[in-house]
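These are the residues of each chain, in order.
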Amino acid sequence: MRQSRRHVLKGTGAMFLGLAARVASAEPEDQGDRNALVPRKSICRWPAGQSPQISDVPLTPAEISQHTEFVRVAIALSASAEKHCNHPFGAVLVLPQAGGTGRIVLRAENRVFTDNDPTQHAEYRLVSDASKSQHLTAEQLRQCTLYTSAEPCAMCCGAMFWAGIRTVVYAAPHDTFGSATFRVPSREVFKYAQSANDVTVIGPILAEESIPIVKTYFEKKVGEESNRCRIALHI
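Residues numbered from 1 in each chain as written. Predicted model: local features only at pLDDT ≥ 70, side-chain atom pairs only at ≥ 80, totals over all residues. Heavy atoms only, no water.

> What exactly am I supposed to notice about the confidence of the model for the protein here?
Detailed reading of predicted coordinates is not advised where the pLDDT is low. Per-residue confidence for the protein averages 83 on the pLDDT scale, and 77% of its residues sit at or above 70. Here residues 1-32 scores under 50 on pLDDT; set against residues more than four positions off or in separate chains, the count is 57 contacts. (pLDDT = per-residue confidence, 0-100. Contact = heavy atoms within 4.5 Å.)

And the structure:
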């Protein structure tokens, strides 16, 4: 049976060789943080009777290339969200297809200001729209991959989990932008999700393209943009 929006709310190597140079403005200070920019796939699980687990595997250039098209769409949506007077985040939902990489079935931008609702993150809106869609079955939703311009927050991770989405791919890591008051890695959230199906977290992918957008916004433009958007939105 399809889960309602209320239920979702309730549960609420070549490509990165020059990475450090391309994100000089966002370069972490220590080796551990630099390692966090290396693309990897993590399997998050909590087996019955055992402790929560995260298994990390580095991605090959070929594996990275499978995701770049959709990550770039999400990054483009993040730039669009900023133009629309919202925080610069975007997300897309991709349904796999036989013999292909998949197709985008839904897109969403952050709308926290235009909707005057702090929960309207791009990923959260995408999950909500997908859950209500007449064009996606529950089984199709479970097969989908959510691509996002930045690592999702705990709220959005919860929405994905309760909607049945078990794969997420992100661009900018959670600790490279925004406020330092609620930085919870998505892998840490998902490893505590008990389910018959593991959750796969992939990223960062194309961090060098996404980090400058969010980092510049939150460090230099947020006040200016807030004033401009208050005028534009009459708030």
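> What's the story with the sheet that holds strand β7 (residues 199-203) in this structure? I'm lost.
Strand pairing within a sheet occurs via backbone hydrogen bonds; the two strands may be parallel or antiparallel. Strand order in this open sheet of seven strands is β2-β1-β7-β6-β5-β3-β4, and the pairing throughout is mixed. Because the sheet does not close on itself, it has two edges, and the strands there are β2 (53-58) and β4 (103-109). When the angles between neighbouring strand axes are averaged without regard to direction, this sheet yields 20°. Pairing of strand β1 (residues 40-45) with β7 involves five bridges; the strand directions are antiparallel. Residue pairing in the sheet places S42 in a bridge with V201 of β7. Strands in contact with helix α5 (residues 122-132) are β3 (90-95), β4 and β5 (145-150); relative to β4, the strand with the most contacts, it is inclined by about 125°. (Pairing = 2+ DSSP bridges. Helix = DSSP H or I, 4+ residues; strand = E, 2+ residues; numbered from the N terminus. Axes fitted to C-alpha atoms, helices over the stretch in contact; angles between N-to-C directions.)

> Would you explain the pattern of salt bridges in this entry?
Side chains that carry opposite charge are capable of pairing whenever their charged atoms lie near each other. Evaluated as defined, the whole model comprises seven salt bridges. Of the charged contacts, one joins R111 and D115 as a salt bridge, the two residues approaching to 2.7 Å between their closest N and O atoms. Here E219 ties to K215 by a salt bridge, and the two come within 2.8 Å at their closest N and O atoms. In this pair, E219 and K215 both sit in helix α9 (residues 207-233), four residues apart, roughly one turn of the helix. (Salt bridge = Lys/Arg side-chain N within 4 Å of Asp/Glu carboxyl O.)

> I'm lost on the environment of P96 in this one. Help?
Along the chain, P96 turns up in the loop between β3 and β4. Judged by its relative accessible area of 42%, P96 falls in the partly exposed class. Each C-alpha atom of the pair P96 and Q140 lies 8.8 Å from the other, and the pair is 44 residues apart in sequence. Setting aside residues up to four positions removed in sequence, P96 forms contacts with G102, Q143 and C144. (Buried < 20%, exposed > 50% of the residue type's maximum accessible area, 1.4 Å probe, protein only.)

> When you look at the pairing of β3 in this model, what are you seeing that I'm missing?
The side chains of a regular strand alternate, residue by residue, between the two faces of the sheet. Taken across its six residues, β3 has six buried, putting it largely inside the fold. Residues G90, V92 and V94 of β3 are buried on one face, and the alternating residues A91, L93 and L95, pointing to the opposite face, are buried as well. Bridging between β3 and β5 involves four bridges; their strand directions are antiparallel. Across the sheet, A91 pairs through a bridge with T148, a residue of β5.

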